[in-house]
Amino acid sequence: MSRVVVISLLLVLLLGARSAVAAPAVEPLDLFDIGAPSFTNFSTRDGVPATVTVATQVDRDGFVWLASPAGVYRYDGRHWAASADPGMDRSVDSLWRDAEGTLWAAFREDGLARYDGAHWHVENRASGLPSQQIRRFAETRDDAGRVHLWALSWDIGLLEHRDGRWIADPGNAQLPSGAILSMAQTRRIGGRPREWAGSGSNGLWFREDGGAWQRYRADGFDPGQVEFLYATEHAGREELWISVFATGLWRLTGDGLRAWTRERGELPTNDIYDIGETPLPNGDRALWVSSRSGLVRIIGEHAQAFDRRHGLPADAVRGLSTWRSPNGDEVLWLATEAGVARTIVGANQWLTASLMGMHATGVFAVRVEADGRGGERLWVGSSDEGIGLFEQGRWRTFSQANGALPDSSVRLITEAPDEHGVPTLWVGLRYGHLLRARGGPVFEPVDTPWRKRTEEAVTALLATTRDGRHERWVGTRTSGLYRWRDGRWDAAGPPGVVAPWRVGTLVEQHVGARGWLWATTNQGLARYDGAQWTLLGRDAGLPDLELIGADLIAAADGTPVLWIGTTSAGIVRLDVADPQHPCVLADALPPPPDSTAYSALQDHQGRIYVCTNNGVQQLTPQAHGYTSRVFTRRDGMVHDECNRNAQFVDAHDRYWTGTLGGLTVYDPQRAAQDTQPKALRLIGLRLDERPVEGASLHVAPGAHEIAIDYALLSWQREGESRYRSQLLGYEDVPGEWTAQSSRTFNALAPGRYHLRIEGRDYAGNVSTPLDVPIEVEARWWQEAWARVAGAAALVLLGYAAVMLRVRMLKVQRRELEQRVAARTLELNEANARLLELSYVDALTGLANRRRLLETLERDPVRARQAALILVDVDHFKAYNDRHGHPAGDEALRAVARALRDGAPPEALVARYGGEEFACLLPDADATTGVALAERIRAAIATRDIAVPGTSQVRRVTISAGVASAMLASTADAHALLRDADIALYQAKRDGRDRVRSADDRVP
């Protein structure tokens, strides 16, 4: 039997054992409890008005409506459009769908409107409405089960809808003057049925059995503006939820009142609006509250808030509505001050698990493990905020601020056995600190030989046994690789590496009884055969030497393959069946969404996740190769850009990844199989650009262009909806499935047709077809008698008719070309704006790291001399800790301004990351670069920087490294970056506040 076959069989056995061990044996983390909802947002680019939005509602046909000061807008699964009905282009306060499915709109100054499924009908004083100022609608039910619809006014109290008319309630005189903002009904609270009314400034009122209104009073409860009332049943108990603007949220039951307020630390604000409720998959329920500081979710007694950091378009959520889709999904629609948001409760596959590190550079470590109590716990390591531990339903944090850690920037959390074989949690920090966690947990420092400095960090750790002796290998950010064995540390590594030597990941491979180690580094792939380390580079076929993460994944035939993440070449795969002679595999993978790929991890179903600087790519194995799906913020990720060392697949095949914006998790099992066909709706008919009422078209003589618009009302992933159509009587077969949701016909011949339209959603469900009858009348000259009479004339006038027709077609073609050109220009301008935003650092306004790297790799600067200045703000963490994050941000902006002011016009100035900046100088040598860097350094050292919130000013200094090179390839660009980075480190080692050139290095 060949050696490769033996290796393959061993790998299959190992993987099988791994799957058996990894089988879920504990209760998984409750992602609904730990995670934030994923939001799909709609803005002006989708047709939402530029004003605030205040309410949303879904009508009986499945269309979504929003209310705004600009009127009502409808969403048809493609875009939002304002209603064209008369009187609807005015400020709308709220929307309501009554028990019969009718939609109502309340105007602040112009009465109300009713939607009949096709048009809005306005009612006001002219039509007998007692008040012009309507705030909201509500419904109650009498003892006979009849539903009563109410309109709540700003000026005269309650209006009841009876027999098609609105009548002022006789009890209005007992209510306080002014606005009535909310209304609800309970059956048992207080011992009798009650109707409740919330006033605009005089608290909460109730009446029993149609009696007199009286104010509700209770100790400690003195509300003013009762914004919303919501009655519900939970766990056999009737509840009345009370939203009191500026005071907080209250719950009234037969047992009394309970408050949630900002002062108690339970709400982000006391300024709250609407309330809604959705059931949860576990049988519990979630209560949702809109507020000025985000969306609040209450489960049991615990409240959580979600805002722009979690993906909402704005912190201020003015209104919400809940809707159960035809397949049972609970959909939450939110009206915010910067657009509309939607989330599917409990069904989103991507969730935000933590926002730790979002004010710095995010999350750099994550681990999920059994907690020893039948459940799981989550470890999160962040930049500048320390460690977060979630277990038993609560978070604990460990940082330098609370004395638990020597530094708060975490770069590694991993488990490996200690020298006694005991599983141990190890933590790597900035400055090069290595800690081990013991019960509690308590983090104990481990004595290590490398220098503790700002740029240092522990990035990798692997424990193994060799010749019966325990070994612990540790990789660092700048000092390379160390081995702990027999109670002592030794530096290790291949010959030929130069400082700084970064080790990203350590991987162990067993071939028979022999063990091998692989290490990804910034200078290639290092291999350890048990005796010595060897550095593999371009001579081994590696297209990039800046390697990041690695994992050993068996191919379909059992061949061991090392999947390696790189800085500029995506994922590189190495066949390591024979570790002595590894072989780079031909690139047969679907291209990743970005050339910077941090890692590739495989779950127990064979899916592989590639984390990049522009989203996560999911590779699903097929008979031949892989299919690719890319996830970004649009799918619910908290941020598109991943971080090093921050990916983890847990025992339940959940994929966790740290990003610049925090920790996000993907659960493939949350995707319930969707077998529900979506409603296919006719949106509009047009003849020569003029709207036509009805569901059929009668085309009179003289009409030229027929247009039919349609849409699939899908409540998720509507961008993947597809359509096809067939003009029966004209086309033999349906067309191809496309994203086009309209058909246009020009100059159809006289006759009767049917346009059959089909829709298909993201899950492949095909909807019931639409049939649109079309009848095209003949012109007089197309009648039989005219044809006979005109036959002779046509012979004589044929030439003239042909020329006239050609001229008409040319005119139509010119008009069409002009329309296409105009729309293409608009699209190009929009794409250009989006591209520009993707290249700009939001804090400083400079170019970002992506812009710099793409310029280095693809700019025409290639084959020309260029100089690069790398700048780092000295002691920036201490400055940040002393004066606060706003002061740190102001310091970074000041450094950016100095760089921008000092650099020549042709230079590219960029924020490289954190407190690091870069300045690329085309057609410049090292001397020019050093001179410019020295001027910038001097300018910054003398610049006063304001400390926000105080009258103080402070100063900072910078260290700079300069390198120059002739750029003729991507490799030259990477070498230029490396040389400038080395020079920067030399400037720091020489005392900071100085400039060093790569030419100054001593060989």
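Note that the structure is predicted; figures quoted are calculated from it, not measured. (Residues numbered from 1 in each chain as written. Predicted model: local features only at pLDDT ≥ 70, side-chain atom pairs only at ≥ 80, totals over all residues. Heavy atoms only, no water.)

Undergrad: Quick question: what am I supposed to make of the side chain of R74 here?
TA: Within the secondary structure, R74 sits in strand β4 (residues 71-75). Comment: no salt bridge for buried R74; closest opposite-charge side chain is D76, at 5.2 Å. If sequence neighbours within four positions are ignored, R74 has contacts with F63, V64, W65, H79, W80, A81, Y115 and I683. (Helix = DSSP H or I, 4+ residues; strand = E, 2+ residues; numbered from the N terminus. Buried < 20%, exposed > 50% of the residue type's maximum accessible area, 1.4 Å probe, protein only. Lys, Arg positive; Asp, Glu negative; His and termini not counted. Salt bridge = Lys/Arg side-chain N within 4 Å of Asp/Glu carboxyl O. Contact = heavy atoms within 4.5 Å.)

Undergrad: Explain the pairing of strand β30 (residues 363-370) to me, please; I cannot follow it from the model alone.
TA: Moving residue by residue along a regular strand, the side chains alternate between the two faces of the sheet. In terms of residue burial, β30 counts as a mostly covered element, since seven of its eight residues are buried. In this sheet, strand β31 (residues 376-382) lies alongside β30 in antiparallel orientation, the contact comprising seven bridges. Bridged to A365 within β31 is G381. Between β30 and the antiparallel strand that follows it, β31, lie five residues; G372 among them carries a positive phi value of about 80°. (Pairing = 2+ DSSP bridges.)

Undergrad: Before we go on, may I ask you to explain the packing of helix α5 (residues 876-883) against helix α6 (residues 885-902) in this structure?
TA: The contact between α5 and α6 brings their axes to 6 Å, and the two run at 135°. The orientation of α5 relative to α6 falls into the category oblique. Here F876, Y879, N880 and H883 of α5 come into contact with α6, specifically with H885, A887, G888, A891 and L892. Looking at the contact of α5 with α6 residue by residue, the classes come out as five nonpolar, four polar and no charged. (Axes fitted to C-alpha atoms, helices over the stretch in contact; angles between N-to-C directions. Parallel < 35°, antiparallel > 145°, perpendicular 65-115°, else oblique. Nonpolar A, V, L, I, M, F, W, Y, C, P; charged D, E, K, R; others polar.)

Undergrad: Looking at this model, I keep getting lost on the nonpolar core. Mind explaining?
TA: Nonpolar side chains in soluble globular proteins tend to be buried together. Ranked by size, the top nonpolar core spans 33 residues in total, and within it I869, V895, F917, C919, L921 and V956 carry the most contacts. Looking at this core, the elements that each hand over two or more residues are β65 (864-873), α5, α6, β67 (916-922), α7 (926-941) and β70 (958-967). The element contributing the most residues to this core is α6, with eight residues. Excluding residues within four positions of it along the chain, V895 makes contact with V873, F917, I940, V956 and I958. (Core = buried A, V, L, I, M, F, W, Y, C linked by side-chain atoms within 4.5 Å.)

Undergrad: Before we go on, may I ask you to explain α6 in this structure?
TA: An α-helical segment advances 3.6 residues per turn. Residues three or four places apart therefore align on the same side. With 18 residues, α6 extends 26 Å between its outermost C-alpha atoms, agreeing within 8% with the 26 Å of an ideal straight helix rising 1.5 Å per residue. Taken together, the buried positions of α6 are occupied by A887, G888, E890, A891, L892, A894, V895, A896, A898 and L899. (Expected span 1.5 Å × (residues − 1).)

Undergrad: Help me out: how do you make sense of the state of the cysteines in this one?
TA: Here, the word disulfide means a covalent bond between the sulfur atoms of two cysteines. What the rule picks out here adds up to one disulfide. Here C611 connects covalently by a disulfide to C642, the sulfurs 1.9 Å from one another. Between C611 and C642 the disulfide shows an S-S torsion of about -65°. By sign, it is left-handed. Taken as a pair, C611 in strand β51 (residues 608-612) and C642 in strand β54 (residues 642-649) lie far apart in primary sequence, 31 residues in all. (Disulfide = S-S within 2.5 Å.)

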